[in-house]
Amino acid sequence: MSQTNHIGKGPNRVDGPLKVSGTAHYSGEFNVPNLAYGYVVSSPIAKGKIVAIHADEVRALPGVLEVFSHDNVPHLAWFDKSYKDQIAPGGSPFRPLHEPDITFNQQPVALVVADTFELARYAAALLRIDYEQEAHETNLETKRAEGFVPGKGKTGFQPPPPPRGNPDKAWVNATHQMEAEYAHGAQHHNPMELFTTTVEWRGDGQITAYDKTQGVFNVKNYLMGVFGLGKDDVRVVNQFMGGGFGSGLRPQYSVFMGVLAALELKRSVRVTLTRQQMFSIGHRPNTLQVVKMGTNPDGTLAALQHHALHETSQFEDYTENIVNWSGMLYQCDNVKLGYELAKLDIYSPQDMRAPGAASGNVGLEVAMDEMAYAAGLDPLEFRLRNYADRDQNVDKPFSSKKLRECYQQGAAKFGWEKRTQEPRSMRANGKLVGMGMGGGVWDATQNKSAAKALISADGHLTVRSGTGENGTGTYTIMTQIAAETLGLPLEAVTFELGDTDQPEAPIQGGSWTAASVGTAVKNACDALGEKILKLAQKQDDSPLKGAKFDEVEFVNGQLRLRLDHDQAVVLRDVLQASGETQLEADSSATPNMAKQQGYSMHSHNVAFAEVEVDEDLGTIKVTRVVSAVAAGRILNQKTARSQVLGSVIWGLGMALMEETIMDHKFGRYVNHNFAEYHIPVNADIPHIDAIFVHEDDDIVNPLGVKGIGEVGMLGVTAAIANAVFHATGKRVRDLPIMLDKLL
Amino acid sequence: MSQPLTSTPYTGGVPAPVPTGPVRLHINGETRTLQLAPWTSLLDALREYAHLTGTKKGCDHGQCGACTVLVNGLRINSCLTLAVMHEDDDITTIEGLGTPENLSPLQQAFVDHDAFQCGYCTPGQICSAQGLLNEGRAHSEAEIKELMSGNLCRCGAYVGILDAVKEVVDKESSDVGA
């Protein structure tokens, strides 16, 4: 029996002991010598111009090293291109401290650097800045008629497919119809860790930036472009990230500020944003959606139309895929999807967990519930009647899709059959009870990644790839993959990540890390395995002589013939007998386009939610959620479950709590702190069950994984909103559903 | 139609910062003397001066609980108190509860129940849970959930946190019973 089959089991996180003992080091926790501290000053106006910065007043304070602003920032890169990171949207990226113009509230306008944090904060508070204010517009409602269709957009953006069939006529002629508008405000990622950069001055214009980012290579390239640094002048490191959720996909102004100050002062500098400033670095955009659906007499969809409008900044056209999913989740021959942006005096939005899908899913899945009621059908039965066996957007079959099994297993676990269709028909504990459901779909993506594997003479394997760990379990799953590939116990393997000195990995986002980096890790270990086999075969009495690589396997610390397990050598013996101190192999992995081109590759899920509503107070308590996910092969049952539980909690937050409220008079977010921007706390959490429906899929990638960081959030928000309708008979279409909307 | 927003000049120049002075702190059984400005929070003293970075800054406003430490056994938000106020106190941080090689029962339970993802709120959660145990108040799941709700977790690891704390609470009460 093999003790080195690790994939699919549920070992504890390998980085767990570091995280629970406070010894995992995040970006603000590298105590380099002679460290100075930078404190960012933010604009109190949304639009206008800086007239004067009275920097000399605070520069005169003992211990204050410099005040950086547009007044004195040295000449940096001129063209927009140099400021564009890997996933920058169309337009001109924001350049911190570049010019006196203010284009959004909380725009960083100065950096005060001092010997201590306390002094930098004090001096920043004293810094006087005079402005000229201009009239601003931050209200999306005023731009309903001014939406425009974005151009190319950022990497990964896909314009909605052209209409199919005759969606207008089919809707008019449908047996039953619905039409509704859905809205949600801005939401902010709010990872627990503040954006921080510790820039270590290494001398001779060279720096190491310990930066909070989901992509060390993206930050490195940005810094090289902006500051004109050579490849060897800058190293970017992030070994632990205190939550990302998309906020760290693009380089943030904290790293710009830290590097600017370090290069100018020739000294190590740390810059940490405040929680308030964490509301100035991108957000899920305020979005308005209109959905129209119609059904045939048999309950199949006759027509589906989905249009979305969301905000962006004046300087960038931030895009996300909101409506596209509506053309593929259900079978429908008459579909029209529309997508527009509107410019406001705000900072650019930024991808936030399941960007686009989380927004569009609310429109689609609440509309499906409304349509089911209009057609007199149970919402689950309605979805089953419209099950899509092909992706009609691209007219291809799915590489695998077990959403039907998700429906069945989820419904069984939840007890959906006990639900009575009529709103307000269920009660318990003196409260109204509601049950709702929603489902979703997310991309299964693989991006080019590289990895290096090294094995020492004592048999310890080290694997490196410059990916990230922001809580998803990267250290653990990569360790499992590497250990299983070379037949080692987990303790004999160390996985290292988050350093631009390592082989290049993509930004950690889009749920693609397991597929992308995981495949590269497997390939690097296989390449190393081939070298080990050759070494073994060099030995005189080798039982493996003549064996090809696909005829051997690595199991339990041995290398043996697949068909004759007695013909085996101990890995460590091979290495020690060879006289080599270390063997290494590099490899990379890219998607197999030839294999994939005929397929649509996606993960799916469904969520069932139960709520209790106090009719007198309007309070909503989510009591149970069942989430069933079909995402290929699950690498680690324990960390995967945690991701899905966390996703459910994100869905709950979006449904009932989260909204960044803009005071349009000042063009400023007013609840920009944790006391007023509500996220779920322990007492809000219901009983949650996570079900994984296994899919065999060798088309998506050799590991058969689809990624689970985002799909689990889909469906949940709509399921809760639909449950609230079922409980109360009130259809709330603007999120979050606060108690006032039920009274 | 622009409008000026002009600052008011200081009369008599910019006020000078308050000088620093030595502050003696008893942290995890060790006495440390740090040179601090009087307005240095206990959190910043721990992280930036004592280099005990296990205690985390998530909001600096007492709203998230990431900076929770134990002062004389009681859990407090270290961002909401000044270091100079604690010269006579016993301060315990996450580093004082256990090490990677020798985890405390709560730390081990957090690993076993996967009660964290990114790990940033985790030291605060564990210190808070340790305080909860010291208080001897939490017995039911509902009580634990309520009394752990001052510690935010954006990854949403609350189910694991509840299970981990409950395991240790149950074990401690059965040990007391025996």
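- Where an unreviewed UniProt entry is consulted, chain B appears under the name Xanthine dehydrogenase YagT iron-sulfur-binding subunit, with the organism given as Hymenobacter psychrophilus.

- The name given to chain A in an unreviewed UniProt entry is Xanthine dehydrogenase YagR molybdenum-binding subunit, with Hymenobacter psychrophilus as the source organism.

**Things to note about the UniProt feature "domain: Aldehyde oxidase/xanthine dehydrogenase a/b hammerhead" (unreviewed entry) in chain A**
Moving on, step 1. The sites that carry the UniProt feature "domain: Aldehyde oxidase/xanthine dehydrogenase a/b hammerhead" (unreviewed entry) are, in the present numbering, residues 21-135 of chain A.
Moving on, step 2. Each end of residues 21-135 of chain A is marked by a C-alpha atom, and these two atoms are 51 Å apart; helix forms 13% of the span and strand 30%.

**Some remarks on the interface of chain A and chain B**
Reports of interface size often rely on the accessible area that becomes lost once the parts have come together.
Moving on, step 1. At the interface, 78 residues of chain A touch 65 residues of chain B.
Moving on, step 2. Regarding the contact of chain A and chain B, the summed buried area is about 5800 Å², with carbon and sulfur atoms giving 56% of it.
Moving on, step 3. For the salt bridge of Glu29 of chain A with Lys56 of chain B, the shortest nitrogen-to-oxygen distance reads 2.9 Å.
Moving on, step 4. The interface formed by chain A and chain B contains 34 residue pairs in polar contact (both at pLDDT 80 or more).
Moving on, step 5. Counting residues per element, the side of chain A that touches chain B draws most heavily on helix α14 (residues 637-656) of chain A, at nine residues.
Moving on, step 6. Tallied by class, the residues present in the side of chain A that touches chain B amount to 36 nonpolar, 25 polar and 17 charged.

**Considerations on the sheet that holds strand β2 (residues 48-53) of chain A**
Moving on, step 1. Pairing is antiparallel in the open sheet, where four strands are placed in the order β5(A)-β2(A)-β7(A)-β1(B). A strand with exactly one partner marks an edge of an open sheet, and here the two such strands are β5 (101-102) of chain A together with β1 (3-5) of chain B.
Moving on, step 2. Sheet topology places β2 of chain A next to strand β7 (residues 129-133) of chain A; five bridges connect them, and they run antiparallel. The residue of β7 of chain A that forms the bridge with Ile53 of chain A is Ile129 of chain A.

**Remarks on the pattern of salt bridges**
All names here are of chain A.
Moving on, step 1. Taken as a whole, this structure holds 47 salt bridges over all chains when the rule is applied.
Moving on, step 2. Ionic pairing is found between Glu141 and Arg144, a salt bridge with its closest N-O pair at 2.8 Å.
Moving on, step 3. A residue is classified by how much of its surface remains accessible, and Glu141, at 43% relative accessible area, is partly exposed.
Moving on, step 4. When the shortest N-O distance is used, the salt bridge between Glu316 and Arg250 registers 2.8 Å. Separated by 66 residues along the polypeptide, Glu316 in strand β15 (residues 316-317) and Arg250 in the loop between β11 (234-237) and α6 (253-265) bring together distant segments of the chain.
Moving on, step 5. On the accessibility criterion, Arg250 (10% relative accessible area) is buried.
Moving on, step 6. Connected via shared salt-bridge partners are Asp15, Lys19 and Glu469.

**Regarding the packing of aromatic side chains**
All names here are of chain A.
Moving on, step 1. Across all of its chains, the model carries 24 aromatic pairs over all chains by this definition.
Moving on, step 2. Measuring from ring centre to ring centre gives 5.3 Å for Phe227 and Phe256, while their planes differ by 35 degrees; the resulting arrangement is tilted. Of this pair, Phe227 sits in helix α5 (residues 216-227) while Phe256 sits in helix α6; the two residues are 29 residues apart in sequence, bridging distant segments of the chain.
Moving on, step 3. Note on Phe227: relative accessible area 13%, which makes it buried.
Moving on, step 4. Looking at Phe256, the relative accessible area reads 1%, which means it is buried.
Moving on, step 5. Between the aromatic rings of Phe414 and Trp416, the centroid separation amounts to 6.2 Å while the plane-to-plane angle is 45 degrees, which identifies the pairing as tilted.
Moving on, step 6. Here Lys212 stacks its cationic end above the ring of Phe195, 5.3 Å away from the centre of that ring.

**Concerning helix α4 (residues 122-135) of chain B**
All names here are of chain B.
Moving on, step 1. The terminal C-alpha atoms of α4, which comprises 14 residues, lie 20 Å apart, in line with the 20 Å expected from a rise of 1.5 Å per residue.
Moving on, step 2. When α4 is considered as a whole, its buried residues turn out to be Thr122, Pro123, Gly124, Gln125, Ile126, Cys127, Ser128, Ala129, Gln130, Gly131, Leu132 and Leu133.
Moving on, step 3. Directly beyond the C-terminal end of α4, a positive phi value near 65 degrees is found at Gly136.

**Re the nonpolar core**
Moving on, step 1. Counting residues in hydrophobic clusters, the biggest one holds 192 residues, and the most contacted among them are Met293, Leu461, Val521 and Leu559 of chain A together with Phe110 of chain B.
Moving on, step 2. It is helix α11 (residues 513-538) of chain A that contributes the most residues to this core, twelve residues altogether.
Moving on, step 3. Ranked by size, the runner-up nonpolar core spans 40 residues in total, among them Ala36, Leu194, Val219 and Ile281 of chain A.

**Digging into the domain arrangement of chain A**
Residues and elements named next belong to chain A.
Moving on, step 1. You can read the domains of chain A as domain 1 (16-23 + 447-590), domain 2 (32-134 + 192-243 + 248-280) and domain 3 (143-187 + 283-445 + 598-741).
Moving on, step 2. The C-alpha-based centres of domain 2 and domain 3 are spaced at 37 Å.
Moving on, step 3. Facing the 25 residues of domain 2 at the interface are 22 residues of domain 3.
Moving on, step 4. Across the interface of domain 2 and domain 3, roughly 2100 Å² is buried in total on both sides, 58% from carbon and sulfur atoms.
Moving on, step 5. Inspection of the region where domain 2 meets domain 3 yields one salt bridge.
Moving on, step 6. Linking domain 2 with domain 3 are six residue pairs in polar contact (both at pLDDT 80 or more).

**Structural notes on the sheet that holds strand β27 (residues 582-589) of chain A**
Residues and elements named next belong to chain A.
Moving on, step 1. Pairing is mixed in the open sheet, where four strands are placed in the order β23-β22-β21-β27. For this open sheet the edge positions go to β23 (493-497) and β27, each flanked by a neighbour on one side alone. Between one strand and the next, the sheet's axes are offset by a mean angle of 15 degrees, whatever the strand orientation.
Moving on, step 2. Sheet analysis places strand β21 (residues 449-456) next to β27, joined by eight bridges and oriented antiparallel. Note on β27: the bridge partner recorded for Leu454 is Glu584.
Moving on, step 3. Sheet contacts for α11: β21, β22 (461-465), β23 and β27; angle to β27, the most-contacted strand, approximately 140 degrees.

**As for empty space enclosed by the protein**
Residue and element names in this part refer to chain A.
Moving on, step 1. In total, this model carries nine cavities of 30 Å³ or more according to the counting rule given.
Moving on, step 2. Each pocket or cavity is described by its volume, and for the largest cavity that value is around 130 Å³.
Moving on, step 3. Taken as a whole, the second largest cavity encloses approximately 90 Å³ of empty space.
Moving on, step 4. In terms of lining, the second largest cavity is formed by Phe104, Asn105, Gln106, Phe279, Ser280, Asp345, Ile346, Tyr347, Met662, Gly667, Arg668 and Tyr669.
Moving on, step 5. Tallied by class, the residues present in the lining of the second largest cavity amount to six nonpolar, four polar and two charged.

**Notes on helix α3 (residues 117-126) of chain A**
Moving on, step 1. Among the ten residues that make up α3 of chain A, eight are buried, leaving the element largely enclosed by the rest of the structure.
Moving on, step 2. Structurally, α3 of chain A contributes buried residues whose contacts are with β1 (36-42), α2 (55-59), β3 (64-68) and β6 (108-114) of chain A together with α1 (42-49) of chain B.

**Observations regarding the environment of Arg572 of chain A**
All names here are of chain A.
Moving on, step 1. In this structure, Arg572 sits in helix α12 (residues 571-578).
Moving on, step 2. Classification of Arg572 by relative accessible area gives partly exposed; the value is 48%.
Moving on, step 3. Counting along the chain gives 112 residues from Arg572 to His460, while the straight-line C-alpha distance between them is 8.9 Å.

Cut-off values and rules
Residue numbers restart at each chain and count upward from 1, following the sequence in its written direction. The naming scheme follows written order: chains are lettered A onward, ligands numbered 1 onward. Side-chain atom pairs in this predicted model are given and counted only at pLDDT of 80 or more, local residue features only at pLDDT of at least 70, and totals for whole chains, interfaces and linings cover all residues. Values shown for side chains rest on all heavy atoms present in the structure; no hydrogens or waters enter the calculation. UniProt positions are given in the numbering used here, feature names are shortened, and annotations may be inferred rather than shown by experiment. Here a strand is any run of E in DSSP of at least two residues, a helix any run of H or I of at least four, and the numbering for each starts at the N terminus. Any two residues whose heavy atoms approach within 4.5 Å at even a single point are treated as in contact. The buried area of a pairing is the accessible area, by a 1.4 Å probe, that goes missing from both parts when the two are put together, added over both. Salt bridges are identified by distance alone: a Lys or Arg side-chain nitrogen within 4 Å of an Asp or Glu carboxyl oxygen. By the criterion applied in these results, polar contacts are pairs of N or O atoms within 3.5 Å in which, for protein atoms, one can donate a hydrogen and the other can accept it, and in which residues neighboring in sequence qualify only through two side-chain atoms. Side-chain classes are defined by residue name, with Ala, Val, Leu, Ile, Met, Phe, Trp, Tyr, Cys and Pro counting as nonpolar, Asp, Glu, Lys and Arg as charged, and the others, Gly among them, as polar. A pair of strands is labelled paired if DSSP reports no fewer than 2 bridges between them. With a 1.4 Å probe rolled over the protein chains alone, any residue whose accessible area is under 20% of its type maximum counts as buried; one over 50% counts as exposed, and the rest are partly exposed. For this analysis, a ring pair means two rings from Phe, Tyr or Trp (six-membered ring only for Trp) whose centres lie within 6.5 Å, classed as stacked if their planes differ by under 30 degrees, edge-to-face if by over 60, and tilted for the remaining angles. In this analysis the charged atom, NZ for Lys or CZ for Arg, is taken to sit over a ring once it is within 6 Å of the ring centre and within 35 degrees of the ring normal. How far a helix is expected to stretch is found by multiplying one less than its residue total by 1.5 Å. Working definition of a nonpolar core: buried Ala, Val, Leu, Ile, Met, Phe, Trp, Tyr and Cys residues. They are joined through side-chain atoms within 4.5 Å. Start and end points for every domain follow an automatic or database-based domain assignment. Each axis is a line fitted through C-alpha atoms, and for a helix only the stretch in contact is used; angles between axes span 0 to 180 degrees, taken between their N-to-C directions. The pocket and cavity definitions rest on a 1 Å grid over protein atoms only: a 1.4 Å probe that fits but cannot leave marks a cavity, an open set with protein on both sides within 12 Å along at least five of seven lines marks a pocket, and residues lining either have an atom within 4 Å of a point. Grid points are joined across faces, edges and corners, and a volume is the space filled by probe spheres set on the points.

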